[in-house]
Amino acid sequence: LSPPQELRRRRRRRGRKIAGASTTCSRRTTMADAEYENNGSETKKNDHQFMSFSAFRINYLIVHIAIMLADGLQGTHLYVLYEGYGYSVASLYCLGFLTGAVTSPFIGPFVDKIGRKKAA
């Protein structure tokens, strides 16, 4: 069921449960159903936004998972490649992190000064 249909179904169920105890609650539920149905165009707009966001989210997750898998596969192959050339993989990773730690205090303010769009 789509989200609006699910809400309508829950409201009707709630109205049935409460109707025996208090007619005020069932009237409120009926009024909420009527108000909900009067906003049909807004509901359709919200449905469209929800569906388009859901499609975007699924596409994003598919691409994100593919990139993570590719990165994981690349890491294992690079490790073997570096080992084959006789490099110490641990020292290469340490060198990369150390370079980032040393240069980031200078690069950050420089990029902020000239603008991020120009720096890219």
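A quick note: this is a predicted structure, and the numbers were derived from the prediction, not measured.

Along the protein, the regular secondary structure elements total 5 helices and 0 strands. Each helix (α) and strand (β) of the protein, taken in turn from the N terminus, gives the series α-α-α-α-α. Split into buried and exposed, the 120 residues of the protein put 9% on the buried side. Roughly 10,300 Å² of accessible area belongs to the protein as shown, and the carbon and sulfur atoms make up 63% of that amount.

What follows deals with helix H4 (residues 89-114). Between its first and last C-alpha, H4 extends 36 Å over 26 residues, near the 38 Å set by a 1.5 Å rise per residue. Of all bends in H4, the biggest is about 50 degrees, found at Ser104, and the proline Pro105 comes one to four residues later. Where H4 terminates, the next one or two residues include Gly115, which has phi positive at roughly 105 degrees.

This part covers the environment of Ser91. Mapped onto the elements of the fold, Ser91 is located in helix H4. Separated by 2.7 Å, the side chain of Ser91 and the backbone oxygen of Ser88 make a polar contact.

A contiguous nonpolar patch, built from Phe53, Phe56, Tyr60, Leu61, Ile65 and Leu69 and spanning about 660 Å² of accessible area, is present on the exposed surface. With respect to the helices and strands, Leu61 occurs in helix H3 (residues 40-84).

The next point concerns the packing of aromatic side chains. This structure, assessed with the given rule, holds 3 aromatic pairs. Taking the centre distance of 6.4 Å and the plane angle of 40 degrees together, the rings of Phe53 and Phe56 count as tilted. A residue pair is termed a helical-turn pair when its members lie 3 or 4 positions apart in one helix, as Phe53 and Phe56 do in helix H3 at 3 residues. Residue classification places Phe53 among the partly exposed positions, given a relative accessible area of 46%. Measuring from ring centre to ring centre gives 6.5 Å for Tyr82 and Tyr87, while their planes differ by 85 degrees; the resulting arrangement is edge-to-face. A relative accessible area of 48% means that Tyr87 is categorised as partly exposed. Site record: aromatic cluster; members linked through ring pairs are Phe53, Phe56 and Tyr60.

Attention now moves to the confidence of the model for the protein. Of all residues in the protein, 62% attain a pLDDT of 70 or more, and the chain-wide mean is 76. Taking the mean pLDDT of every element in the protein, the minimum, 52, falls on helix H2 (residues 23-38) and the maximum, 90, on H4. In this model, residues 17-26 is a region of pLDDT below 50 whose contacts with residues beyond four sequence positions or in other chains number 3 contacts.

The rules we used
Residues numbered from 1 in each chain as written. Predicted model: local features only at pLDDT ≥ 70, side-chain atom pairs only at ≥ 80, totals over all residues. Heavy atoms only, no water. Helix = DSSP H or I, 4+ residues; strand = E, 2+ residues; numbered from the N terminus. Buried < 20%, exposed > 50% of the residue type's maximum accessible area, 1.4 Å probe, protein only. Areas by Shrake-Rupley, 256 points an atom, 1.4 Å probe, with all protein chains shown as cover. Expected span 1.5 Å × (residues − 1). Bend = angle between axes of the 7 residues up to and from the residue. Polar contact = N/O pair within 3.5 Å; in protein donor to acceptor, adjacent residues only side chain to side chain. Patch = residues over 30% accessible without salt bridge, like charges linked within 9 Å, V, L, I, M, F, W, Y side chains within 5 Å. Salt bridge = Lys/Arg side-chain N within 4 Å of Asp/Glu carboxyl O. Phe/Tyr/Trp six-rings, centres within 6.5 Å; stacked < 30°, edge-to-face > 60°. pLDDT = per-residue confidence, 0-100. Contact = heavy atoms within 4.5 Å.

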